[in-house]
Amino acid sequence: MRMMLYLNYITTALEIFSAALLASEIILVPLFCKKSRSFSFFKCFVFNGCFGLFSWAVSFQLHRFIGNDSLAYLNLNIFLSGFTFHGYLLTSMLLTFNRFSCIAFPLSFEALWTNRRCFIYFASITLITFISVCYRVGAPIEVVWVEEYQAYRWIGYPRVIHAISLAVTLTICFTVCFGSLILNIWTFVRWRKHRQTVSPSIYHTQRNQFLFSMTCFVFSAIICLQQLVANVVMFSGNQTLANVLFDMYFPLSAFAILIEPYALLVFCGGLRRELFSLFKKTAIEEVQSTNASKCGAWGKWLQQN
């Protein structure tokens, strides 16, 4: 029992640290990384990361029954869980499409990913995501009271709402899973075929960004398959096993979403160096400021000049 408690503390700490790292990258890349933020790949990452971070925050509360003693708050979290989950999957597919268009259509890639078009893509995904869950607004939820946590546990929506929700979620999962798979296979084939036509630096950049895209795809596909299997089991009548499989969504989604900030640093050397230079510059300025304050007015004059 104590071992499980310690394990829970460790996993919680790791989740929070990873979420903080992801949040830092989401903030630092567009604000301070001048080179990286100009690339559509990193714009897609930031957009995907926002959905992922929001999804993790909601799942973190639901999995640990935080605030679940309030039906209104639980209802809101269930709605946000669906919204952020769908958004995360769709933005993961957008990231895959970004790598696909870069390698499959190199001549028209820049035209496909202008700032205006990126905004249209992001706005469209946000709108589609909201439409995919808008029918849940105001819908009552079915719950049971869990004495152990002194909180409610979500069971589902009323039959009609639940059926629509299930159909929409499975459609998105199927589309993202198989659509991204086809795009990744096509991207890999084209990349292998034309890799001799690009410079070594471009080749390595394309390879690493493609590997990051593949990492996102693998974990989002695992979540999609988990949803598909859980619903198949539920339809077979084994509700107990289905509940266990549905609960697997929380650790799976947390792991899938929070592996991305590490993968980004591993695969994207340019961004890694840019972030390192940023922190190094900040540290140097901090040291200079400290030394100047110790030396009084003369030190401040030297620092300014």
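Residues numbered from 1 in each chain as written. Predicted model: local features only at pLDDT ≥ 70, side-chain atom pairs only at ≥ 80, totals over all residues. Heavy atoms only, no water.

The protein chain is annotated in an unreviewed UniProt entry as Serpentine receptor class gamma of Haemonchus contortus. Checking UniProt for the protein chain, the heading Subcellular location (unreviewed entry) contains the comment "Membrane". (UniProt positions renumbered as here; feature names shortened; annotations may be inferred.)

1. Let's talk about the overall build of the protein chain
Looking only at helices and strands, one finds 11 helices and two strands in the protein chain. Secondary structure of the protein chain in N-to-C order comes out as α-α-α-α-α-β-β-α-α-α-α-α-α. Once the C-alpha set of the protein chain is aligned to its principal axes, its extents read approximately 75 × 55 × 40 Å. Burial status across the protein chain gives 42% buried among its 305 residues. Long-range pairs, those at least 24 residues apart, make up 71% of the contacts in the protein chain between residues at least 6 apart in sequence. Looking at the protein chain as shown, the accessible area adds up to about 16,900 Å², and 70% of this sits on carbon and sulfur atoms. Counting 23 positive and 12 negative side-chain charges, the protein chain places the centres of these two groups 16 Å from one another. (Helix = DSSP H or I, 4+ residues; strand = E, 2+ residues; numbered from the N terminus. Buried < 20%, exposed > 50% of the residue type's maximum accessible area, 1.4 Å probe, protein only. Contact = heavy atoms within 4.5 Å. Areas by Shrake-Rupley, 256 points an atom, 1.4 Å probe, with all protein chains shown as cover. Lys, Arg positive; Asp, Glu negative; His and termini not counted. Charge placed at Lys NZ, Arg CZ, Asp CG, Glu CD.)

2. What about the pairing of strand β2 (residues 151-156)?
Summarising the sheet, strand β1 (residues 142-146) and β2 pair through five bridges and their orientation is antiparallel. When the sheet's bridge partners are listed, Val-143 is paired in β2 with Trp-154. Between β1 and the antiparallel strand that follows it, β2, lie four residues; Gln-150 among them carries a positive phi value of about 50°. (Pairing = 2+ DSSP bridges.)

3. A look at the packing of aromatic side chains
Scanning all chains against the criterion turns up 23 aromatic pairs. Aromatic pair Phe-47 and Phe-51: ring centres 5.4 Å apart, planes at 85°, arrangement edge-to-face. With Phe-47 and Phe-51 both in helix α2 (residues 40-63), this residue pair falls four residues apart, about one helical turn. Given the relative accessible area of 15%, Phe-47 is considered buried. Judged by relative accessible area, Phe-51 falls into the buried class, the value being 7%. Arranged with centres 4.9 Å apart and planes meeting at 70°, the rings of Trp-113 and Tyr-121 form a pair that is edge-to-face. The exposure class of Trp-113 is buried, given its relative accessible area of 5%. (Phe/Tyr/Trp six-rings, centres within 6.5 Å; stacked < 30°, edge-to-face > 60°.)

4. Some words on the pattern of salt bridges
Per the stated rule, a full pass over the model turns up one salt bridge. For Glu-15, the salt bridge identified is with Arg-64, shortest N-O distance 3.2 Å. One end of the pair, Glu-15, is in helix α1 (residues 2-32); the other, Arg-64, is in the loop between α2 and α3 (71-104), and 49 residues separate them in sequence. By relative accessible area, Glu-15 is classed as buried at 15%. (Salt bridge = Lys/Arg side-chain N within 4 Å of Asp/Glu carboxyl O.)

5. Re the nonpolar core
Counting residues in hydrophobic clusters, the biggest one holds 62 residues, and the most contacted among them are Phe-41, Phe-42, Tyr-88, Leu-89, Phe-212, Leu-264 and Leu-271. For this core, the element with the most residues is α3, which contributes 13 residues. What Leu-264 contacts, discounting residues up to four positions off in sequence, is Glu-25, Phe-41, Phe-42, Phe-45, Phe-212 and Leu-271. Core analysis: the next-biggest nonpolar cluster, separate from the first, contains six residues, Ala-230, Val-233, Ala-242 and Leu-245 among them. (Core = buried A, V, L, I, M, F, W, Y, C linked by side-chain atoms within 4.5 Å.)

6. Some details on the side chain of Thr-187
Mapped onto the fold, Thr-187 is located in helix α6 (residues 159-194). For Thr-187, a relative accessible area of 1% translates into the label buried. Here Leu-183 takes part through its backbone oxygen, which lies 2.6 Å from a polar atom of the side chain of Thr-187. Look past the residues within four positions of Thr-187 in its chain and what remains in contact with it is Arg-99, Phe-100, Ile-103 and Phe-210. (Polar contact = N/O pair within 3.5 Å; in protein donor to acceptor, adjacent residues only side chain to side chain.)

7. Thoughts on the UniProt feature "transmembrane region" (unreviewed entry) in the protein chain
Those places that UniProt annotates as "transmembrane region" (unreviewed entry) correspond, in this numbering, to residues 6-33, 45-66, 78-97, 118-141, 161-189, 210-229 and 249-271. Overall, residues 161-189 shows 100% helix and 0% strand. The separation of its end C-alpha atoms is 42 Å. Along residues 210-229, the helical share is 100% and the strand share 0%, with 28 Å between the first and last C-alpha atoms.

8. Observations concerning the environment of Phe-83
Mapped onto the elements of the fold, Phe-83 is located in helix α3. For the pair Phe-83 and Tyr-73, spaced 10 residues apart in sequence, the C-alpha separation works out to 15 Å.

9. A look at unusual backbone geometry
Positive phi, normally seen in glycine, also occurs at Phe-65, with a value near 60°. Within the secondary structure layout, Phe-65 lies in the loop between α2 and α3. Backbone geometry places Gln-150, a non-glycine residue, at a positive phi of 50°. Topologically, Gln-150 is positioned in the loop between β1 and β2.

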